[in-house]
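Coordinates in review
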Amino acid sequence: MTIRDHFKRTQMWCTYGLAAILIGTALAIRFLHPKLPRPDILMVGLGLAAVAIVAVYFVTRRIYRCPRCGVGLNQLRAQTIGGQNKDRRMFWEIWNACPNCQLSFDAPWPK
Ligand SMILES: [Zn+2]
């Protein structure tokens, strides 16, 4: 498995994990409080989504690190490309190597 594969897999698990948590929580609220009015469910849902986004932000900060020099690649991407840019590609689709230490993303992921 290359470093690029590792990041792709991590992103996939984060996406599925987040979707599963949100759907599971929504179903749980529906079953535990069947009489809760819809606006309340919507507010709870929005609150959960906000918490989930913050959680993902901190988790990805920790996960998307260069295995050699430890630089935060997602942060580096955000700084390089800028927040208002509409480019939604992930950093491994833009770069072929770590911009800090030039470690190739095609190199095997260190165990
Ligand atoms: Zn690096």
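Below is a short write-up of the structure.

Definitions and cut-offs
Residues numbered from 1 in each chain as written. Predicted model: local features only at pLDDT ≥ 70, side-chain atom pairs only at ≥ 80, totals over all residues. Heavy atoms only, no water. Helix = DSSP H or I, 4+ residues; strand = E, 2+ residues; numbered from the N terminus. Buried < 20%, exposed > 50% of the residue type's maximum accessible area, 1.4 Å probe, protein only. Contact = heavy atoms within 4.5 Å. Patch = residues over 30% accessible without salt bridge, like charges linked within 9 Å, V, L, I, M, F, W, Y side chains within 5 Å. Areas by Shrake-Rupley, 256 points an atom, 1.4 Å probe, with all protein chains shown as cover. Salt bridge = Lys/Arg side-chain N within 4 Å of Asp/Glu carboxyl O. Phe/Tyr/Trp six-rings, centres within 6.5 Å; stacked < 30°, edge-to-face > 60°.

Tracing the sequence through the fold places R4 in helix 1 (residues 3-32). For R4, a relative accessible area of 13% translates into the label buried. Look past the residues within four positions of R4 in its chain and what remains in contact with it is W92, W95, N96, F105 and D106.

Okay, a nonpolar patch on the surface next. Taken together, the side chains of M12, W13 and Y16 make up a nonpolar region of the molecular surface, amounting to roughly 390 Å² of accessible area. Along the chain, W13 falls in helix 1.

Scanning all chains against the criterion turns up nine aromatic pairs. Taking the centre distance of 5.7 Å and the plane angle of 65 degrees together, the rings of F7 and Y64 count as edge-to-face. Of the two residues, F7 is situated in helix 1 and Y64 in the loop between helix 2 (38-63) and helix 3 (73-81); the sequence distance between them amounts to 57 residues. When its relative accessible area of 0% is taken as the criterion, F7 is described as buried. Residue classification places Y64 among the buried positions, given a relative accessible area of 2%. Ring centres 5.1 Å apart and planes at 75 degrees place the aromatic pair F7 and F91 in the edge-to-face group. One end of the pair, F7, is in helix 1; the other, F91, is in helix 4 (residues 91-94), with 84 residues separating them in the sequence.

Coordinates in, geometry out; function isn't part of it.
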